[in-house]
Amino acid sequence: MSEKPWGGRFESPTDEFVEAFNASTDIDARMYAEDIAGSKAHARMLCDRGILAQEDLNAILRGLDEIEGEIKSGEFAFTIALEDVHMNIESRLTEKIGDAGKRLHTARSRNDQVTTDTRLYLRRRSDAMVARIRLLQSVLVELADAHADTIMPGFTHLQTAQPVTFGHHLLAYVEMLERDAGRFLDARKRMNQCPLGSAALAGTTFPINRQMTAEALGFDAPTANSLDAVSDRDYIMELLAAASICAVHLSRFSEELILWMSAQFGFIDLPDAFCTGSSIMPQKKNPDMPELVRGKSGRIIGGLIAILTTVKGLPLAYNKDMQEDKTAVFDAFDNLEGCLKVFADMLPGMQVNKEIMHKAASSGFATATDLADALVRAGVPFRKAHAIVGKSVAHCIHENIELHEMDAATCADIDSRLTTDMVRSLCVETCVAARNHIGGTAPDQVRIQVDTWKKRLEQL
Ligand code: ARG
């Protein structure tokens, strides 16, 4: 029984299956660096407060350094009998340095330890995620710059709506990603408080210095309530919400890339290195990467639902259910990081078929709104202008012609205020160029936005 750090009161051993079922080493071993950093900060504080002797501290620091080396080199053998990363490291420390190792857990519990480690780990991963988002933004801004003048159809209801510039379309995702980065940064602010010292749930009887451990670990402050600190998993919910929203954005983008690459659209082609073929149909080139990214959003959203559901019925303070918190968020982070990477690597190699896009924007009556606007400028009320153009479109569909091909007689027949000058001046270039205001699709606006983004992303 003495093998378990908590085995004192137990008379019979843990059931063999339970030992494996209960263990979390396969999930939490990846937090070893944070666990070691947390232990060092805790030990230094204990020594500073006279709770731990200097020679014990020296042995602990040396032992922990050696253990970190062992883990990095792959020599360290994690065992499920020691449940988790915390007890594996502590037990190895005691093996190495004896009683000094056994003093490390003074004024600490795994309950404050695990959530300190998780916060530290996710803080690092979250910062890396923001960097990945910035990288993808830069790729999109470069593409937007190259395609400030490229014209494509804009859609509503997936029906041709009005011409837009491809650069403008790409910059829409730069905006979404900016809000995504903001959500990670915002969550970071709230989670950056140090739970160490909360111990099991109520605090500790030792004269600890919580400010000192918080500062040593780069937290903004110690948490203010020990019960809250050990049972709060809001930060995981917030990070999973941020990850889910970002994944949803990438999924929408994926859906567009998949549509655009179909033979029916033919707007783009993705590089071979990011596509696969079919084992039976020799002609196939499939957009697997956007499909997979679209698919990954499902499991990331699943992670958010999992953590919300896991925590919703839990009384204060720590409950073992909480061990399930890390699985979802680690999986979500690994996968979202992969999605962001694959997009940033794939998009610069995207081939854009400008002619096909232009042709698509020039058909489907994408300029109809502009014809209505021309009538409004000639004094026709907008609702009336809408009806006149609607009639014109119906006529063109019937005659299988475009709006600019209507002759004077036809125009006059539809409405006396409709002129051939109006219909002949309709062209997609004019349509996009005319939307020249903040947030509009005009090439000039795209270039202004590209400049703003380039400066902004450089400064970050
Ligand atoms: N492996 C546990 C987890 O991830 C660590 C905390 C366990 N605390 C306890 N009192 N059993 O949640």
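Source: prediction; values computed, not measured.

Undergrad: Which parts of the structure should I look at to understand the site of the ligand?
TA: Every residue close to the ligand is listed here: Ser 24, Asp 28, Asp 84, His 86, Arg 110, Asn 111, Val 114, Tyr 318, Gln 323 and Lys 326. Within the side chain of Tyr 318, a nitrogen or oxygen atom sits 2.4 Å from an oxygen atom of the ligand. In this structure, a nitrogen atom belonging to the ligand sits 2.8 Å away from a side-chain N or O atom of Gln 323. Protein coverage of the free-state accessible area of the ligand, which is 340 Å², stands at 86%. Counting residues per element, the shell around the ligand draws most heavily on helix α7 (residues 110-146), which supplies three residues. Residue composition of the shell around the ligand, by class: two nonpolar, four polar and four charged.

Undergrad: Mind showing me how you'd approach the pattern of salt bridges here?
TA: Pairing between side chains becomes possible if they bear opposite charge and their charged atoms approach one another. Within this structure, the stated rule accounts for 37 salt bridges. For Lys 96, the salt bridge identified is with Glu 66, shortest N-O distance 2.7 Å. Taken together, the residues span a long stretch of sequence, with Lys 96 in helix α5 (residues 85-97) and Glu 66 in helix α4 (residues 54-73) at a distance of 30 residues. Note on Lys 96: relative accessible area 27%, which makes it partly exposed. The class for Glu 66 is partly exposed, based on a relative accessible area of 36%.

Undergrad: Looking at this structure, I do not really get the packing of aromatic side chains. What am I missing?
TA: Centre-to-centre distance and the angle between the planes together describe a pair of aromatic rings. Enumeration according to the criterion identifies 10 aromatic pairs in this entry. Note on Tyr 173 and Phe 253: the rings are 4.1 Å apart at their centroids and 10 degrees apart in plane angle, and the pair reads as stacked. Note that Tyr 173 is positioned in helix α8 (residues 166-191) and Phe 253 in helix α11 (residues 234-261), a separation of 80 residues in sequence. A relative accessible area of 6% means that Tyr 173 is categorised as buried. Between Phe 253 and Phe 343, the ring centres sit 5.5 Å apart and the planes meet at 65 degrees, which makes this aromatic pair edge-to-face. Here the residue Phe 253 occupies a position in helix α11, and Phe 343 occupies one in helix α13 (residues 325-346), the gap between them amounting to 90 residues. Residue class for Phe 253 comes out buried when judged on its relative accessible area of 2%.

Definitions and cut-offs
- Residues numbered from 1 in each chain as written.
- Predicted model: local features only at pLDDT ≥ 70, side-chain atom pairs only at ≥ 80, totals over all residues.
- Heavy atoms only, no water.
- Near = heavy atom within 4 Å.
- Polar contact = N/O pair within 3.5 Å; in protein donor to acceptor, adjacent residues only side chain to side chain.
- Areas by Shrake-Rupley, 256 points an atom, 1.4 Å probe, with all protein chains shown as cover.
- Helix = DSSP H or I, 4+ residues; strand = E, 2+ residues; numbered from the N terminus.
- Nonpolar A, V, L, I, M, F, W, Y, C, P; charged D, E, K, R; others polar.
- Salt bridge = Lys/Arg side-chain N within 4 Å of Asp/Glu carboxyl O.
- Buried < 20%, exposed > 50% of the residue type's maximum accessible area, 1.4 Å probe, protein only.
- Phe/Tyr/Trp six-rings, centres within 6.5 Å; stacked < 30°, edge-to-face > 60°.

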